[in-house]
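# Topology and contacts: notes
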Amino acid sequence: MPYTPLAFAYKLAYLMLQVYWFVFRPQVYGVKCLIEFEGRILMIRNTYGDMRWTFPGGGYKRGESAETAAAREVREEVGIALTSLSPIGEYTSTDGYKRDTVKCYAAEASTPGFEIERNEIYEAAWFPWENLPPALASDAERVIELYRTGRK
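Below: a short report on this structure. (Residues numbered from 1 in each chain as written. Predicted model: local features only at pLDDT ≥ 70, side-chain atom pairs only at ≥ 80, totals over all residues. Heavy atoms only, no water.)

Looking at where Tyr 122 falls in the secondary structure, it is placed in strand β6 (residues 121-128). Judged by its relative accessible area of 18%, Tyr 122 is buried. Along the primary structure Tyr 122 and Ser 110 are separated by twelve residues, whereas in three dimensions their C-alpha atoms are 23 Å apart. (Helix = DSSP H or I, 4+ residues; strand = E, 2+ residues; numbered from the N terminus. Buried < 20%, exposed > 50% of the residue type's maximum accessible area, 1.4 Å probe, protein only.)

In structure tokens:
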């Protein structure tokens, strides 16, 4: 799938952000959302970064709650309007030269339909729990662990 000019801009902006993170080591806050439908989970690959499989998510906007940010990011990235989110925990990461605190949520989709935002999302797919893709991002592994730990 060829990159659009805007997707290329996302990739370039991400590289510039990495330089900023390396120099300043900022504290940032984000969200991730694990979405299930009939025993499968929706995973994405971004157009930027290492393109490993992860979950929809991103940063907070000023004055926005984590739950609102998670619902907004899911709607923007995969076109799914979630009506209910359940908190599953949070983790802190120093990957990518920043101090990132990520609040994680789980939600049920009402249908398997989704529509990706092509400039930011390269690919999305539903995966059965027993057949997750081999190239998982470390943040995806953390979200899955939080989810599984909370469901015991």
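There's more to say after this.
Phi at Glu 38 is positive, roughly 45°, even though this residue is not glycine. Along the chain, the position of Glu 38 falls in the loop between β1 (27-37) and β2 (40-46). With a phi angle near 60°, Met 51 is a residue other than glycine that sits in the positive phi range. On the basis of relative accessibility, which here comes to 19%, the residue Met 51 falls in the buried class.

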